[in-house]
Every structure is written in structure tokens, then in C-alpha cells.
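Take a look at the letters that make up each chain.
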Amino acid sequence: MEGITIRKMSPADLSEVSNIENLCYSTPWSPNSFKYELANKEAILKVAVFNSEIIGYVCIRTILDMTHLLNVAVLPEFRLRGIGSMLLKNAVGELKRLQPNTKLTLEVRQSNIAAIRLYEKFGFKVTGKRTKYYQKPEDDAILMELDVSLFFSD
Ligand SMILES: CC(C)(COP(=O)(O)OP(=O)(O)OC[C@H]1O[C@@H](n2cnc3c(N)ncnc32)[C@H](O)[C@@H]1OP(=O)(O)O)[C@@H](O)C(=O)NCCC(=O)NCCS
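Note that this is a predicted model, so its numbers are computed, not measured.

> Could you give an account of the sheet that holds strand β2 (residues 43-50), with specific residues and numbers?
Within the open sheet, the seven strands sit side by side as β1-β2-β3-β4-β5-β7-β6. Their pairing is mixed. Every interior strand has two partners, whereas the edge strands, β1 (4-8) and β6 (125-134), have only one. Across the sheet, the axes of successive neighbouring strands diverge by a mean angle of 25°, strand direction being ignored. Note that strand β5 (residues 103-109) and strand β7 (residues 139-147) share seven bridges and pair antiparallel.

As C-alpha cells, then:
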């Protein structure tokens, strides 16, 4: 989609990001969760901007030798236009420059076909399942992993 830019998230973005978070999840992160990640040197947080408005974001964080994709969301009216893909490309591309050999892991609701398709597109493979991991509504988690050394951003 034309006119979208991806840039680093800053503390000034918190209220817009939290509004999107509340629209997207039944158990949303609090603004403090985003603040915590923004203060963490091991975290990569990016926003997608269109007409000066934030329309999506992604959060990745490294803990020891593993990196976790903690959050990615796009405003409902902007979905299926490649913005989730732009966010992932940008954030995982940066991760690869910083840590070319890390593994990127994530959990996703088994029912979340949109997110699973997005992750599969970037080469994430299913590595396991956690039964009844999610509440509101109850759901299993699919565990996925990407070998970042195999990630190509083009
Ligand atoms: C998951 C999410 C971030 C995807 O964002 P998006 O901007 O729509 O993603 P894209 O347009 O880049 O789509 C990526 C791929 O997934 C596919 N996809 C996305 N939504 C889909 C859907 N509802 N059904 C089937 N495929 C879908 C697209 O077709 C695309 O594949 P393609 O390039 O081969 O066509 C978005 O649906 C969202 O914000 N969901 C709510 C928050 C959420 O669940 N986050 C994940 C938590 S683990």
C-alpha cells in the first residue's frame, strides 16, 4: 500500500498504540507493558504510519539467546493490504542485522488464521502446541519458530 512508513516506536506513540491494542485483543497489553518494552534495550518496536496516524505496530524482544515475537497488530480497516508484512519485514530485517543467527519464536492462537498465514509467509515453522494456553475465549497455542539466518527481507 502506498504512503505507509515504518519507523521506531517512541513513548509519544503510546496512546495511539494502546487504542489499537484494545481494538485487536480480548486481553490487551496495558500501556505499561509497552512502556516496559520501550525501555528495554533488547526490544525492537516499530509502528506503521499512514497520513500521520499509527495504523499498526510490532514488538520483538531478545531474552538470552532466544528472541520472541511478542506482538503484531494492524487496525482492522487496514488489514489484508500488506501492512503486517511490512512491519515484520522491517523488524525481522533489523533483528537479522543485529543477531544474524538467532531463532525467533512466537505463540499464536490456533484459531488465528490471519496471523498464522502471515508467519508462514515469512518462513516460520510449527514446533509445538500448548493446550488451553489462551483464555477469553479458551484456545490452544501453536508454537512457531523462524531461523533468522534464513530470513530474506525482499
Ligand atoms: C495478523 C495481522 C497482524 C495481519 O496483518 P495484515 O496487515 O492483514 O497482514 P498482511 O496483509 O501483510 O497479510 C499477510 C499474509 O497473510 C494473509 N492473511 C492475512 N489475513 C488473512 C486472513 N484473514 N485470512 C487468510 N489469510 C490472511 C494474507 O493474504 C497475506 O498473504 P499473501 O501475501 O500471500 O496474500 C492482523 O490480522 C491483525 O492485526 N490481527 C489482530 C492482532 C493479532 O491477532 N495479531 C497476532 C497475534 S499472535
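> Outline the pairing of β7, supporting the account with residue identities and numerical values.
Among the nine residues in β7, seven count as buried, and that is most of the element. Pairing between β6 and β7: six bridges, direction antiparallel. Paired with Lys-129 across the strands is Ile-142, a residue of β7. The loop that links β6 with its antiparallel partner β7 comprises four residues; one of these, Lys-136, has a positive phi angle of about 55°.

> Account for the pairing of strand β4 (residues 66-74), with residues named and values stated.
Most of β4 sits inside the fold, with seven of its nine residues counted as buried. Bridge analysis of strand β3 (residues 53-63) against β4 gives eight bridges, and the strand direction is antiparallel. Of the residues in β4, the one forming a bridge with Ile-60 is Leu-69. Between β3 and β4, which follow one another and run antiparallel, lie two residues, and Leu-64 among them has a positive phi close to 55°. With three bridges connecting them, β4 and β5 associate as parallel partners. From the neighbouring strand, Thr-67 faces β5, where its bridge partner is Leu-104. Considered for its hand, the β-α-β crossover made up of β4, helix α3 (residues 83-98) and β5 is right-handed.

> Hey, could you go over the pattern of salt bridges for me, with residue numbers and the actual values?
A side chain with one charge can pair with a side chain of the opposite charge if their charged atoms come near. On inspection of all chains with the given rule, the structure shows seven salt bridges. The partner of Asp-140 in a salt bridge is Lys-129, with the nearest N and O atoms 3.6 Å apart. Taken together, the positions of Asp-140 in strand β7 and Lys-129 in strand β6 put the pair eleven residues apart, joining distant regions of the chain.

> Go over the site of the ligand, please, and point to the residues and values.
Near the ligand lie 20 residues; those nearest to it are Val-72, Leu-80, Gly-84, Ser-85 and Asn-112. In this structure, Val-74 approaches the ligand through a main-chain N or O atom, which is 2.8 Å from an oxygen atom. At 2.8 Å, a backbone N or O of Gly-82 approaches an oxygen atom of the ligand. In the complex, 72% of the free accessible area of the ligand, which totals 930 Å², lies under the protein chains. Among the cavities detected, the one that contains the ligand is the largest pocket.

> Give me the lowdown on the packing of aromatic side chains, citing residues and values where you can.
Overall, the coordinates contain six aromatic pairs when judged by the stated rule. For the ring pair Phe-34 and Tyr-57, a centre distance of 5.5 Å and an interplane angle of 90° mean the geometry is edge-to-face. In this pair, Phe-34 sits in helix α2 (residues 31-38) while Tyr-57 sits in strand β3, placing the two residues 23 residues apart along the sequence. Tyr-57 matches Phe-34 in its accessibility class, with the two residues each being buried. An aromatic cluster is present here, built from Trp-29, Phe-34 and Tyr-57 joined pairwise through their rings.

What counts, and at which threshold
- Residues numbered from 1 in each chain as written.
- Predicted model: local features only at pLDDT ≥ 70, side-chain atom pairs only at ≥ 80, totals over all residues.
- Heavy atoms only, no water.
- Pairing = 2+ DSSP bridges.
- Helix = DSSP H or I, 4+ residues; strand = E, 2+ residues; numbered from the N terminus.
- Axes fitted to C-alpha atoms, helices over the stretch in contact; angles between N-to-C directions.
- Buried < 20%, exposed > 50% of the residue type's maximum accessible area, 1.4 Å probe, protein only.
- Right-handed = clockwise from strand over helix to strand, strands pointing away.
- Salt bridge = Lys/Arg side-chain N within 4 Å of Asp/Glu carboxyl O.
- Near = heavy atom within 4 Å.
- Polar contact = N/O pair within 3.5 Å; in protein donor to acceptor, adjacent residues only side chain to side chain.
- Areas by Shrake-Rupley, 256 points an atom, 1.4 Å probe, with all protein chains shown as cover.
- 1 Å grid on protein atoms, 1.4 Å probe; cavity = no way out; pocket = protein on both sides within 12 Å on 5 of 7 lines; lining within 4 Å.
- Sits in = over half its atoms within 2 Å of the grid points.
- Phe/Tyr/Trp six-rings, centres within 6.5 Å; stacked < 30°, edge-to-face > 60°.

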